Amino acid sequence: MKTLCAILLVCGAVALLPAFVSSGFVLNLVIMTLYATLLGQAWNILAGFGGQYSFGHAAFFGTGAYASAALQIHFGVNAWLCLPAAMACGAAVGAFVGALSFRYGLRGSYFALITLAFAEVFRILANSLKFTGGGVGLLVPLKSSALEFQFQDKAGFLYVILALTLAGFLLSWWLNHSRYGAWLMAVRDNEDSASALGVDVFRVKLQAIVMSAALTAAGGAFYVQYFQYIDPHLAYGPAVSVEALLGPIVGGLGTVFGPLLGAAALQLLGEVTRNLMGDAPGVSLMIYGAVLIAMVTFLPRGIGGLFRRLAPKAR
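Help me understand the overall build of the protein in this model?
Helix and strand counts for the protein stand at 14 helices and 2 strands. The C-alpha radius of gyration computed for the protein amounts to 19 Å, which stays within 12% of the reference 20 Å derived for 315 residues, consistent with globular compactness. Along the first, second and third principal axes, the C-alpha set of the protein runs to 55 × 50 × 40 Å. In the protein, the proportion of contacts linking residues at least 24 apart, taken out of those at least 6 apart, comes to 77%. Summed over all atoms, the accessible surface of the protein reaches about 14800 Å², with 69% contributed by carbon and sulfur. Computing the positive centroid from 17 side-chain charges and the negative centroid from 11, the protein places the two 9 Å apart.

Would you mind showing me how to read helix 2 (residues 24-46) here?
Counting along an α-helix, one turn takes 3.6 residues, and residues three or four places apart therefore face a common direction. Taking 1.5 Å of rise per residue, the 23 residues of helix 2 would be expected to cover 33 Å, and the 34 Å separating its terminal C-alpha atoms lies within 8% of that figure. Among the 23 residues of helix 2, 19 are classified as buried, and the element is accordingly described as predominantly covered.

Help me understand helix 9 (residues 201-227) in this model?
Its 27 residues give helix 9 an end-to-end C-alpha distance of 39 Å, which sits within 8% of 39 Å, the value for a rise of 1.5 Å per residue. Most of helix 9 is tucked away: 20 of the 27 residues are buried. Positive backbone phi, approximately 60°, marks Gln228, located one or two places after helix 9.

Would you mind showing me how to read the nonpolar core here?
Soluble globular proteins: nonpolar side chains tend toward being buried together. Tyr35, Ile161, Leu164, Phe222 and Ile230 are the most contacted members of the largest nonpolar core, which totals 81 residues. With near-sequence residues (within four places) excluded, Tyr35 lies in contact with Phe61, Ile161, Gly219, Phe222, Tyr223 and Glu243.

Whenever I open this one, the pattern of salt bridges confuses me. Can you help?
It is possible for side chains of opposite charge to pair when their charged atoms get near one another. Applying the stated criterion across every chain yields a total of 5 salt bridges. Notably, a salt bridge pairs Glu120 with Arg123, separated by 2.6 Å at the nearest N-O pair. Here the residue Glu120 and the residue Arg123 both occupy positions in helix 5 (residues 109-128), the gap between them amounting to 3 residues, near one helical turn. Judged by relative accessible area, Glu120 falls into the partly exposed class, the value being 35%. Overlapping salt bridges, with partners in common, bring together Arg107, Glu191 and Lys205 in one network.

Explanation requested: unusual backbone geometry in the structure shown.
The bulk of non-glycine residues show a negative phi, and the bulk of peptide bonds are trans. A positive phi is found at Phe149, a non-glycine position, where the angle reads about 60°. Following the sequence through the fold, Phe149 ends up in the loop between strand 1 (138-139) and helix 6 (154-177). Accessibility expressed as a relative area gives 1% for Phe149, which makes it buried. Phi at Gln228 takes a positive value of approximately 60°, unusual for a residue other than glycine.

The rules behind each value
- Residues numbered from 1 in each chain as written.
- Predicted model: local features only at pLDDT ≥ 70, side-chain atom pairs only at ≥ 80, totals over all residues.
- Heavy atoms only, no water.
- Helix = DSSP H or I, 4+ residues; strand = E, 2+ residues; numbered from the N terminus.
- Rg over C-alpha atoms; globule rule 2.2 N^0.38 Å.
- Contact = heavy atoms within 4.5 Å.
- Areas by Shrake-Rupley, 256 points an atom, 1.4 Å probe, with all protein chains shown as cover.
- Lys, Arg positive; Asp, Glu negative; His and termini not counted.
- Charge placed at Lys NZ, Arg CZ, Asp CG, Glu CD.
- Expected span 1.5 Å × (residues − 1).
- Buried < 20%, exposed > 50% of the residue type's maximum accessible area, 1.4 Å probe, protein only.
- Core = buried A, V, L, I, M, F, W, Y, C linked by side-chain atoms within 4.5 Å.
- Salt bridge = Lys/Arg side-chain N within 4 Å of Asp/Glu carboxyl O.

What follows is the structure, given as structure tokens:
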């Protein structure tokens, strides 16, 4: 119950932010932090709670982004209706990838590589098909109206991404307190032992990847509405997958607030890096890689684990 209260307190504080802050820079920083938290929560469901490490969450993100953009451009569907449709498409891709991978017992590095391969295949397809705009990508028409999921100020986007992130928080909290979550963590710790105790390992892992993919696709749909543009590199490139996994690893795998802690730290680090070194290509990924190596080496439980370790000493 304390964790649930903390979730509501944090989200309530963020919801009040536009009433006191008018800076577009600050609001954009908060929006991108929540967006990274959403991707991190989605990845954390599959990897942190389920132990299935994916290197290709861009496959789900890009599917959600392209589904939302294509439905608006080619069929004139309202952007709000595109959000659940994008999540359904992402979940379908997750179910396909999961069924193909888990049915044949792929785990560990083999599962990570097959997810990376799927993301690359989707990138090549999006780069070749006219439906996706090819290499040029898709530009969402400008319709500045809340009814069209396009807001005149950043506060509207902040409330939308806050609601999606809250859903991710509540899902992680539920995994920590539900029987299904216990099954998922048992599979993470030892698949063979979990199976011997009667857990349907295939079904549990498949449900986890479907939930993770749907939440990631929601992030893709939000990205399209916020930036109004998507192309194969943005949708299916490695940057999305790296951003999704870095937050939980830096903040704390398998925890409710780990993705938020990691996303906030990385967003601040990114801003500092851009101010010091400009927009030099590849610098941010190099720094993220160095941070990831340092975290895995010195803080394997992430920032959250460090806080838990220092708390008794502080008392």
